[in-house]
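Chain by chain, the residues:
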Amino acid sequence: MKNVPSPNGGSHNYDMIVFCHLRWDFVFQRPQHLITRLSRDYRILVVEEPVQTRLNGSGPFQIKEINPNIHVCQPPVSDMKDIGPYLRKKLNNASFTVGWFYSPAFVEVLNELDFETVVYDCMDELTLFKGASPHLLEQENTLLSFADMVYTGGKSLYESKAKKHHNVFCFPSSVDVEHFATPIKNTKPEDISNIPAPIVGYYGVIDERIDLELLRRTAERTPDASFVMIGPLCKISEEDLPKADNIHYLGMKSYDELPDYLHCFDMAMMPFALNDSTRFISPTKTLEYMSAMKPIISTKIKDVVRDYSHCIMLVENETDFQKAITSPAKNFKKAYTEILEKTSWDNTAAHMDAIIQKTIA
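If you're wondering where the values come from, they're calculated on a predicted model, not measured in any experiment. (Residues numbered from 1 in each chain as written. Predicted model: local features only at pLDDT ≥ 70, side-chain atom pairs only at ≥ 80, totals over all residues. Heavy atoms only, no water.)

A.B. asks: Is there a simple way to think about the confidence of the model for the protein chain in this case?
C.D. replies: Regions with low pLDDT carry predicted coordinates that are not meant to be interpreted in detail. Averaged over the protein chain, the pLDDT score is 93; the fraction of residues at 70 or greater is 95%. Confidence drops under pLDDT 50 across residues 1-11; counting only partners more than four residues distant or on other chains, this segment forms 25 contacts. (pLDDT = per-residue confidence, 0-100. Contact = heavy atoms within 4.5 Å.)

In structure tokens:
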């Protein structure tokens, strides 16, 4: 962390302020992909959820510099409602070109800061997540009343938000194909190198969206396969995880490390539970797995079924799962290639920005 000179000095004026519930240094996903690309044309301050300290808003304005055009701030305040007054005081200038929201929980900053354009990039239905604030739905309705446009991370979210706002655009998460198409290093990572094949692997957050019971039953039913889970635990504990000799938890890996692990998988899996928290998801990892040309096994997530049922293996239970592992699909690479040719994070960011520029004009 370092102190930032007064924004009135010039070089630290911001064109865009992004309000995000996900830490920048957590799993590298949609916000990081888009904001990194938008920073080619905007000076951006990313505001994360508060980190409570005894300072409670006093002391110097501190940021973490990701690159010269992206700064990350964790406001040292006691409550979300204190973020707006804190930023107004520290930034001096309370008027900015774009306010970009990933979570409605930040909506009260709109009482303190003025934006020419307000964007709500709805990547998940946060109101349905485990532990969600009971106020989140009301906060989202308020944010929707301020938003000039709403972007959604998948078709199911689009259908939901289009009922609530007049200017909604569907932008499913994309992929950096080159990043995932080949491993970065020539050698296998040490913690996966001795795990017996075939490896059925997953990476991403491990939380209430994962069907842990399906994983347990499938591992029990398929003892000759190894099940590898990569990613941080969130909202569940170690005690919740199924334990077996052929289930391996390797912890969180950086975005740069993921291709090396992905290319060790014989098959990639998305063992999501079918519950409220997965009703609207459109998993980014689907396209990442495709970039590595891995056979994919998934439960029947709505957006996955309607977009990819022709080329991935869909399962409902451990019997289906075992069958997919022992007799994996083979004729999928042509379909993968056709899908990947139609998407990129660069194009997604450019199209989002074009809508913003048109609105400003």
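Anyway, onward from the coordinates.
A.B. asks: Looking at this model, I keep getting lost on helix α11 (residues 318-326). Mind explaining?
C.D. replies: For an α-helix, the turn length of 3.6 residues means that residues three or four places apart are oriented alike. If you check which residues of α11 are buried, you get Glu318, Phe321, Ala324 and Ile325. End-on view of α11: buried residues confined to an arc of 120°, all on one side of the axis. Exposed residues pointing more than 90 degrees away from the buried face of α11 are listed as Lys323 and Thr326. A distance of 3.1 Å separates the backbone nitrogen of Thr319 from a side-chain oxygen at the start of α11, and that oxygen is part of Asn317. (Buried < 20%, exposed > 50% of the residue type's maximum accessible area, 1.4 Å probe, protein only. Helix = DSSP H or I, 4+ residues; strand = E, 2+ residues; numbered from the N terminus. Arc of directions from axis to C-beta. Polar contact = N/O pair within 3.5 Å; in protein donor to acceptor, adjacent residues only side chain to side chain.)

A.B. asks: What's the story with the layout of surface pockets in this structure? I'm lost.
C.D. replies: The method is simple in principle: a probe with the dimensions of a water molecule rolls over the atoms, and the space it marks as empty is what remains. Of the voids in this model, the largest pocket is the one considered here, and its volume is about 1,100 Å³. In this structure, the largest pocket is lined by 47 residues; those nearest its centre are Leu22, Gln29, Asp124, Val205 and Arg209. Going through the elements one at a time, α3 (136-146), β10 (199-203) and α9 (285-291) are the ones with two or more residues in the lining of the largest pocket. Residue composition of the lining of the largest pocket, grouped by class: 23 nonpolar, 13 polar and 11 charged. Taken as a whole, the second largest pocket spans an internal volume of roughly 370 Å³. Taken together, 16 residues line the second largest pocket, and the ones lying closest to its centre are Pro172, Asp307, Tyr308, Ile339 and Thr343. Of all the secondary-structure elements, those providing two or more residues to the lining of the second largest pocket are α9 and α10 (302-308). Here the lining of the second largest pocket gets three residues from one element, more than from any other, and that element is α10. (1 Å grid on protein atoms, 1.4 Å probe; cavity = no way out; pocket = protein on both sides within 12 Å on 5 of 7 lines; lining within 4 Å. Points joined across faces, edges and corners; volume = space filled by probe spheres on them. Nonpolar A, V, L, I, M, F, W, Y, C, P; charged D, E, K, R; others polar.)

A.B. asks: It is not clear to me how the environment of Gln52 should be interpreted in this structure. Could you clarify?
C.D. replies: If you trace the backbone, Gln52 turns up in the loop between β3 (44-47) and β4 (62-67). Taking the C-alpha atoms as reference points, Gln52 and Leu157, separated by 105 residues in sequence, lie 32 Å from one another. Apart from residues lying up to four places away in sequence, Gln52 is in contact with Val77 and Ser78.

A.B. asks: What's the story with the side chain of Ser298 in this structure? I'm lost.
C.D. replies: With respect to the secondary-structure elements, Ser298 resides in strand β14 (residues 296-299). Residues contacting Ser298, with those up to four places away along its chain left out, are Met270, Val304, Ile312, Met313, Leu314 and Val315.

A.B. asks: How do you make sense of the pairing of strand β5 (residues 70-73) when you look at a structure like this?
C.D. replies: In summary, the side chains of a regular strand alternate between the two faces of the sheet. Taking every second residue as pointing to the same face, both faces of β5 are buried, with Ile70 and Val72 on one and His71 and Cys73 on the other. Pairing geometry for β3 and β5, over four bridges, is parallel. Following the sheet pairing, Val46 is matched in β5 by Val72. Count of turn residues in the β4/β5 antiparallel hairpin: two residues. (Pairing = 2+ DSSP bridges.)

A.B. asks: Explain empty space enclosed by the protein here, please?
C.D. replies: Applying the stated criterion to the full structure yields one cavity of 30 Å³ or more. Looking at the largest cavity, its volume works out to about 40 Å³. Looking at the largest cavity, the residues that line it are Val18, Cys20, Leu22, Arg23, Trp24, Pro31, Gln32, Ile35 and Val46.

A.B. asks: Would you mind showing me how to read unusual backbone geometry here?
C.D. replies: As a rule of thumb, non-glycine residues mostly have phi less than zero, and peptide bonds are mostly trans rather than cis. The peptide bond linking Ala197 to Pro198 adopts the cis configuration, its omega dihedral lying at 0°. A positive phi is found at Lys235, a non-glycine position, where the angle reads about 65°. Structurally, the position occupied by Lys235 is in the loop between β11 (226-230) and β12 (247-251). Judged by its relative accessible area of 35%, Lys235 falls in the partly exposed class.

A.B. asks: Please clarify how the nonpolar core should be interpreted in this entry.
C.D. replies: A general feature of soluble globular proteins is that nonpolar side chains tend to end up buried together. With 56 residues, the main nonpolar core has Ile192, Phe227, Phe265, Met290 and Cys311 as its most contacted residues. If we skip the residues at most four places from it in the chain, Ile192 touches Ile199, Val228, Leu250, Tyr261, Cys264 and Phe265. Core analysis: the next-biggest nonpolar cluster, separate from the first, contains 32 residues, Phe19, Tyr86, Leu143 and Ala147 among them. (Core = buried A, V, L, I, M, F, W, Y, C linked by side-chain atoms within 4.5 Å.)

A.B. asks: What is the right way to look at the pattern of salt bridges in this model?
C.D. replies: Scanning all chains against the criterion turns up 23 salt bridges. The closest approach of N and O atoms between Arg217 and Glu213, which form a salt bridge, is 3.6 Å. With Arg217 and Glu213 both in helix α7 (residues 212-221), this residue pair falls four residues apart, about one helical turn. What emerges from the salt-bridge pattern is a single network uniting Glu213, Arg216, Arg217, Glu220 and Glu318. (Salt bridge = Lys/Arg side-chain N within 4 Å of Asp/Glu carboxyl O.)

A.B. asks: Teacher, can you tell me more about α7 here?
C.D. replies: Among the residues of α7, Leu212, Leu214, Leu215, Thr218 and Ala219 are the ones counted as buried. Looking down the long axis of α7, one finds its buried residues gathered within 155° of arc, a one-sided arrangement. Those residues of α7 hidden inside the fold are in contact with β11, β12, β13 (267-270), β14 and α11.

A.B. asks: Can you help me understand the sheet that holds β13 in this one?
C.D. replies: Two orientations exist for strands paired in a sheet by backbone hydrogen bonds: parallel and antiparallel. Taken together, the six strands give an open sheet; going across it, the order is β12-β11-β10-β13-β14-β15, and neighbouring strands pair in parallel fashion. The open sheet is flanked by β12 and β15 (313-315), the only strands paired with a single partner. Taking each pair of neighbouring strands and ignoring which way they run, the sheet shows an average axis angle of 25°. Pairing of β11 with β12 involves four bridges; the strand directions are parallel. Looking at β12, one finds that Met229 is bridged to Tyr249. Together, β11, β12, β13 and β14 form the strand contacts of α7, whose direction differs from that of β11 by roughly 150°. Along the sheet face, α11 touches β10, β11, β13, β14 and β15 and points at about 155° away from the line of β15. (Axes fitted to C-alpha atoms, helices over the stretch in contact; angles between N-to-C directions.)

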